[in-house]
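Chain by chain, the residues:
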Amino acid sequence: MMDGITSPEAEMRAAGAEIVEVSASGPQAGSPAGRPQLKVLDPRRWTREPPPRRWVVPEWLPRGYVTGLYGDGGMGKSLLAQQLATAVAIGEPWVGLPTLQGRVLCIFCEDSEEELERRQASINRLLGVLPERLDKLRLVSRLGEDNALYDVAGDHARSTPLYDVVLEECARWKPTLIVLDTAADLYGGNENDRRRVRVFIGAILGKLARDNDAAVLLCAHPSANGLQNGRGDGGSTGWNNTLRSRWYLSEPEVNKGEPVPPGVRVLARKKANYAARNDRVEIEWRDGAFAPLDRARASLDPATWTVIAAMFDELKRAWDTGKAWSPYPQAGVSGRYFPDWAL
């Protein structure tokens, strides 16, 4: 007893409780093999200021946890995830949001190596990045492979040999961000089985996050119901409830009868256990990658974009044939003043 305070261990022993010391690697020698153990915390010991929450993207992507990125097929979530991976690897903003620089490991199950290369070239061009700056970025293409990290067959469930390989690679590479695309390939069970889903996210993917002090971003497709109701979720409630943060990538809502601005997307934070919900970022597809929305540019209707595209096509054709158009009025004498053609 010190200053009138009895130690928690003494109190527990007085109550007849068994004391088991637990380390980061599990129960110490002497504890019964296979028996679950509890690490009992005494809040009287918490006398310091709590440690600050740690983020890879502040308010969006917490370290040590699994975040879900949902989006319908073709919406651009794989591109957005690869762009996030690039921004983290070089320590630059991602669609206008600040990032923490660190190593990144991405596992893509739906895209070939050639597609990842093409996508990376577009991202590099948008960000003005030379390939030699990507020393902290590693990509894996698993197209056409069996990519389950967690197999469920009847009453039996287990992690797979591929999961062990990923664990080993993460232990070697020590990533700050792990991108996994997509959930349908990585989870080998019924998406409506809440208990198994919670194990997959909380234990299987959660271990990747905790062991590496990393943020795990899991890409997934919403269900038909999730698309209709605007929540953008799918499967059992175990998916949304176990994820600590969930994003939804979709087209912007427009009034009935109005066209959707071409290439514009909304990234919404639909769930956030450690930040405010319903924050959003408006972005637009620009030459193969996503950039923060330029509202003046986005306000142009599709017909206007068609005209602009035709103008650029003509400028390129004329240049390639050695008869470039001129922006100067005096070129009108020779018929090479471009506004004359455009009008």
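Residues numbered from 1 in each chain as written. Predicted model: local features only at pLDDT ≥ 70, side-chain atom pairs only at ≥ 80, totals over all residues. Heavy atoms only, no water.

Trainee: Before we move on, could you go through the overall build of the chain and cite the residues and values that matter?
Mentor: What the chain contains, in helices and strands, is eleven helices and 16 strands. Counting over 343 residues, the chain shows a buried share of 40%. Within the chain, contacts between residues at least 6 apart in sequence are counted, and of these 65% link residues at least 24 apart. Per element, the accessible surface of the chain, about 19600 Å² overall, is 52% carbon and sulfur. (Helix = DSSP H or I, 4+ residues; strand = E, 2+ residues; numbered from the N terminus. Buried < 20%, exposed > 50% of the residue type's maximum accessible area, 1.4 Å probe, protein only. Contact = heavy atoms within 4.5 Å. Areas by Shrake-Rupley, 256 points an atom, 1.4 Å probe, with all protein chains shown as cover.)

Trainee: Can you tell me about the side chain of Arg269, naming the residues and giving the values?
Mentor: Note that Arg269 resides in strand β14 (residues 264-272). A distance of 2.9 Å separates the side chain of Arg269 from the backbone oxygen of Glu59, its partner in a polar contact. In terms of polar contacts, Arg269 uses its side chain to reach the backbone carbonyl oxygen of Ala276, at 2.7 Å. Residue contacts for Arg269: discarding those within four places in its chain leaves Glu59, Trp60, Ser245, Arg246, Trp247, Ala275, Ala276, Arg277, Asn278 and Asp279. (Polar contact = N/O pair within 3.5 Å; in protein donor to acceptor, adjacent residues only side chain to side chain.)

Trainee: I'd like a description of the sheet that holds strand β7 (residues 137-141), backed by residues and values.
Mentor: Spatially, β7-β6-β10-β12-β5-β13-β14-β15-β16 is the arrangement adopted by the nine strands of the open sheet, whose pairing is mixed. Each edge of the open sheet carries a strand with a single partner, namely β7 and β16 (289-292). Direction aside, the axes of adjacent strands within the sheet are offset by 20° on average. Across five bridges, strand β6 (residues 104-108) lies against β7 in parallel orientation. Looking at β7, one finds that Phe108 is bridged to Ser141. Helix α3 (residues 113-127) contacts β6, β7 and β16 of the sheet and is inclined by roughly 150° relative to β7. (Pairing = 2+ DSSP bridges. Axes fitted to C-alpha atoms, helices over the stretch in contact; angles between N-to-C directions.)

Trainee: Please provide a residue-by-residue account of the sheet that holds strand β11 (residues 187-188), values included.
Mentor: One open sheet accounts for three strands, arranged β9-β8-β11; its pairing is mixed. The two strands at the open ends of the sheet, each matched to only one other strand, are β9 (156-159) and β11. With two bridges connecting them, strand β8 (residues 150-153) and β11 associate as parallel partners. Directly across from Tyr150, in β11, lies its bridge partner Tyr187. Contacting β8, β9 and β11, helix α6 (residues 194-212) runs over the sheet at an angle of about 160° to β8.

Trainee: Please give an account of α6 that cites residues and values.
Mentor: One turn of an α-helix holds 3.6 residues; hence residues three or four places apart share an orientation. The terminal C-alpha atoms of α6, which comprises 19 residues, lie 26 Å apart, in line with the 27 Å expected from a rise of 1.5 Å per residue. Helix geometry: α6 is bent most strongly at Gly206, by close to 45°. Among the residues making up α6, those that are buried are Arg196, Val197, Phe200, Ile201, Ile204, Leu205, Gly206, Leu208, Ala209 and Asn212. Asp213 sits one or two positions beyond α6 and adopts a positive phi of about 50°. (Expected span 1.5 Å × (residues − 1). Bend = angle between axes of the 7 residues up to and from the residue.)

Trainee: Requested: an account of the pairing of β14, with residues and values cited.
Mentor: Within β14, eight of the nine residues are buried, which leaves the element mostly enclosed by the surrounding structure. Sheet analysis places strand β13 (residues 245-250) next to β14, joined by six bridges and oriented antiparallel. Residue Ser250 lies in a different strand from β14, and its bridge partner there is Val266. Where β14 lies against strand β15 (residues 280-286), five bridges are found, and the strand directions are antiparallel. By the bridge assignment for β15, Val266 is matched with Glu282.

Trainee: I'd love a proper account of helix α2 (residues 77-90), names of residues and values included.
Mentor: With 14 residues, α2 ought to run about 20 Å at 1.5 Å a step, and its terminal C-alpha atoms sit 20 Å apart, in line with that. Extensive coverage of α2 is indicated by the burial of 14 of its 14 residues. Gly91, located one to two residues past α2, shows a positive phi value of around 70°.

Trainee: How would you sum up the pattern of salt bridges? Please name residues and give values.
Mentor: For the structure shown, the criterion picks out 16 salt bridges. When the shortest N-O distance is used, the salt bridge between Asp42 and Arg44 registers 2.9 Å. Looking at Arg44, the relative accessible area reads 42%, which means it is partly exposed. (Salt bridge = Lys/Arg side-chain N within 4 Å of Asp/Glu carboxyl O.)

Trainee: Lay out the packing of helix α4 (residues 161-173) against α6 with the relevant residues and their values.
Mentor: Where α4 meets α6, the closest approach of the two axes is 10 Å, and the angle between their N-to-C directions is 15°. One finds that α4 runs roughly parallel with respect to α6. Here α4 and α6 pass one another in a crossing that is right-handed. Every residue of α6 that contacts α4 at Tyr163, Val166, Leu167, Cys170 and Ala171 is listed here: Ala203, Ile204, Lys207, Leu208 and Asn212. (Parallel < 35°, antiparallel > 145°, perpendicular 65-115°, else oblique. Left-handed = near helix turned anticlockwise from the far one by under 90°.)

Trainee: So what's going on with unusual backbone geometry? Residues and values would help.
Mentor: Looking along the chain, the bond that leaves Asp181 and enters Thr182 is cis, with omega of 5°. Mapped onto the elements of the fold, Thr182 is located in the loop between β10 (177-181) and α5 (183-186). Residue Val95 is not a glycine yet carries a positive backbone phi of 40°. For Val95, the position within the fold is in the loop between α2 and β6. Its identity as a non-glycine residue notwithstanding, Asp213 has a phi of 50°, on the positive side.

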